[in-house]
Amino acid sequence: MIMKIYVDIDNTICKTEGTDYKSAMPIKSNIKKINNLFEKGHEIIYWTARGTVTRINHYDLTLSQLKKWNCKFHSLSVGEKPNYDLLICDKTKRIEDI
């Protein structure tokens, strides 16, 4: 079964301190996990809350980072993810579970 998979960016596929997005460092092992899902035919959508609260547009920076880190994906959503402290969902997985 092909799945549509939304993937968070900060502290999932890169290490980010607060909102210092420019200094984010890729977590190569986690990027590889997501790339493997892409290669299996799943639809990968990177989804980040960058700019949700501040309304600063981080799209170009984020797209540049994903390309630099060789992330495979179908689309990118920046600033549309809600700002929350905890997500409770029956379909949620942590990157460590993949």
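Residues numbered from 1 in each chain as written. Predicted model: local features only at pLDDT ≥ 70, side-chain atom pairs only at ≥ 80, totals over all residues. Heavy atoms only, no water.

**Q** Lay out the nonpolar core with the relevant residues and their values.
**A** Nonpolar side chains in soluble globular proteins tend to be buried together. Core analysis: the largest hydrophobic core is formed by 18 residues, its most contacted members being Ile 13, Ile 34 and Tyr 46. Of all the secondary structure elements, the ones that give two or more residues to this core are strand 1 (4–7), helix 1 (28–39), strand 4 (43–48), helix 2 (59–68) and strand 5 (75–78). In terms of residues, this core owes the most to one element, helix 1, which gives 3 residues. Residues in contact with Tyr 46, not counting those within four places in the same chain, are Val 7, Asp 8, Ile 9, Ile 13, Ile 34, Leu 66, Cys 71, Lys 72, Phe 73, Ser 75, Leu 76 and Ser 77. (Core = buried A, V, L, I, M, F, W, Y, C linked by side-chain atoms within 4.5 Å. Buried < 20%, exposed > 50% of the residue type's maximum accessible area, 1.4 Å probe, protein only. Helix = DSSP H or I, 4+ residues; strand = E, 2+ residues; numbered from the N terminus. Contact = heavy atoms within 4.5 Å.)

**Q** Please provide a residue-by-residue account of helix 1, values included.
**A** With 12 residues, helix 1 should cover 16 Å at 1.5 Å per step; its first-to-last C-alpha distance of 16 Å lies within 8% of that length. Of the positions making up helix 1, those classed as buried are Asn 30, Ile 31, Ile 34, Asn 35 and Leu 37. Down the axis of helix 1, the smallest arc covering the buried residues is 155°, so these residues share one side. Away from the buried face of helix 1 by more than 90 degrees, exposed residues Lys 28 and Lys 32 are located. Contacts from the buried residues of helix 1 go to strand 1, strand 3 (25–26) and strand 4. Phi turns positive, to about 100°, at Gly 41, one or two residues after helix 1. (Expected span 1.5 Å × (residues − 1). Arc of directions from axis to C-beta.)

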